[in-house]
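# Coordinate analysis (summary)
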Amino acid sequence: MSPGACIFCEIVAGRIPARVAYQDEDVLAFHDINPQGPVHVLVIPKRHITSLLDLAPGDDATVGRLVRQATDLASSLGLSERGFRLVFNCGDDAGYSVYHIHLHLVGGRKLAWPPG
Ligand code: AMP
Ligand code: ZN
């Protein structure tokens, strides 16, 4: 993907501002601009991966990191007792809108199931 074409790569590069919740060499977590709950954080790999359909066997550790980091954030944001949800969207039916994989961490309210 060419530089500037992906909004989340722009956030990683610091060219678009975000409210960062966590970052290290490989992972960035930031608060969703349109939160669906009292807590709504997006956890992304700093390296661009377009969608779940583009995951390769070499990405297994990256996906594991995202899940573990999101869970650590859930705990640090006080959600471990009452619960939370982690969601990867993929494709039109799921409403996938930013084509750089991101794990949604949503919590702080009762979440309906099945999702809408
Ligand atoms: P999805 O529907 O899974 O592709 O989710 C994309 C998410 O990115 C949505 O929840 C948006 O509100 C969120 N989003 C889009 N642009 C930004 C941004 N600049 N900063 C933070 N969150 C964003
Ligand atoms: Zn990207």
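Look up: the structure comes first, before these words.
First, a word on what this report is: a plain description of the structure on this page. (Residues numbered from 1 in each chain as written. Chains lettered and ligands numbered in written order. Predicted model: local features only at pLDDT ≥ 70, side-chain atom pairs only at ≥ 80, totals over all residues. Heavy atoms only, no water.)

## Focus on the layout of surface pockets
Empty space among the atoms becomes apparent when a probe as large as a water molecule is rolled across them. To keep it simple, the criterion reads: A pocket, in this scheme, is an open set of points on a 1 Å grid over the protein atoms alone with protein on both sides within 12 Å along at least 5 of 7 lines, while a cavity is a set where a 1.4 Å probe fits but cannot get out; residues line either one if an atom lies within 4 Å of a point. Grid points are joined across faces, edges and corners, and a volume is the space filled by probe spheres set on the points. The helix and strand labels rest on DSSP assignments: H or I over at least four residues marks a helix, E over at least two residues marks a strand, and numbering proceeds from the N terminus. Any residue that is not Ala, Val, Leu, Ile, Met, Phe, Trp, Tyr, Cys, Pro, Asp, Glu, Lys or Arg is counted as polar, Gly included; the first ten are nonpolar and the last four charged.
Its volume calculated, the largest pocket comes out at about 900 Å³. Of all the secondary structure elements, the ones that give two or more residues to the lining of the largest pocket are helix 1 (7–13), strand 2 (27–31), strand 3 (39–45), strand 4 (84–87) and strand 5 (103–107). Here the lining of the largest pocket is composed, by residue class, of 19 nonpolar, 10 polar and 5 charged.

## Section: the packing of aromatic side chains
The following threshold applies: Here the aromatic set is Phe, Tyr and Trp, taking the six-membered ring for Trp, and pairing holds for ring centres within 6.5 Å; pairs whose planes are under 30 degrees apart are stacked, those over 60 apart are edge-to-face, and all others are tilted. Relative accessibility decides the category of a residue: with a 1.4 Å probe and only protein chains considered, values under 20% of the type maximum give buried, values over 50% give exposed, and everything between is partly exposed.
Tallied over the full model, the rule gives 2 aromatic pairs. Note on F8 and F30: the rings are 5.2 Å apart at their centroids and 80 degrees apart in plane angle, and the pair reads as edge-to-face. Taken together, the residues span a long stretch of sequence, with F8 in helix 1 and F30 in strand 2 at a distance of 22 residues. Classification of F30 as buried rests on a relative accessible area of 4%. Relative to Y99, the ring of Y96 has its centre 4.8 Å away and its plane inclined at 65 degrees; by these criteria the two rings are edge-to-face.

## Description of the environment of Q23
Filter applied, for reference: The term polar contact refers here to a pair of N or O atoms within 3.5 Å; inside protein, the definition further demands a hydrogen-donor-capable atom paired with an acceptor-capable atom, and it admits residues adjacent in sequence only when both atoms are side-chain atoms.
Tracing the chain through its elements places Q23 in strand 1 (residues 20–23). Taking C-alpha positions, Q23 is 9.6 Å from I44, a pair spaced 21 residues apart along the chain. In terms of polar contacts, Q23 uses its side chain to reach the side chain of K46, at 2.8 Å.

## Some details on the site of ligand 1
As a reminder, the rule being used: We call a residue near a molecule or strand whenever a single non-hydrogen atom of that residue lies within 4 Å of it. Calculation of accessible area relied on Shrake-Rupley with a 1.4 Å probe; when residues are assessed, cover is drawn exclusively from the protein chains displayed. Just a note on the criterion: a molecule sits in a pocket or cavity if more than half of its atoms are within 2 Å of the grid points.
If you check the shell around ligand 1, you find 16 residues, and the closest are D32, G95, S97, H102 and H104. Here D32 contributes a side-chain N or O atom positioned 2.5 Å from an oxygen atom of ligand 1. Here ligand 1 has 510 Å² of accessible area as a free molecule, and 84% of this is covered by the chains. A majority-of-atoms criterion places ligand 1 in the largest pocket. If you list the elements that add at least two residues to the shell around ligand 1, you get helix 1 and strand 2. By residue class, the composition of the shell around ligand 1 is 8 nonpolar, 7 polar and 1 charged.

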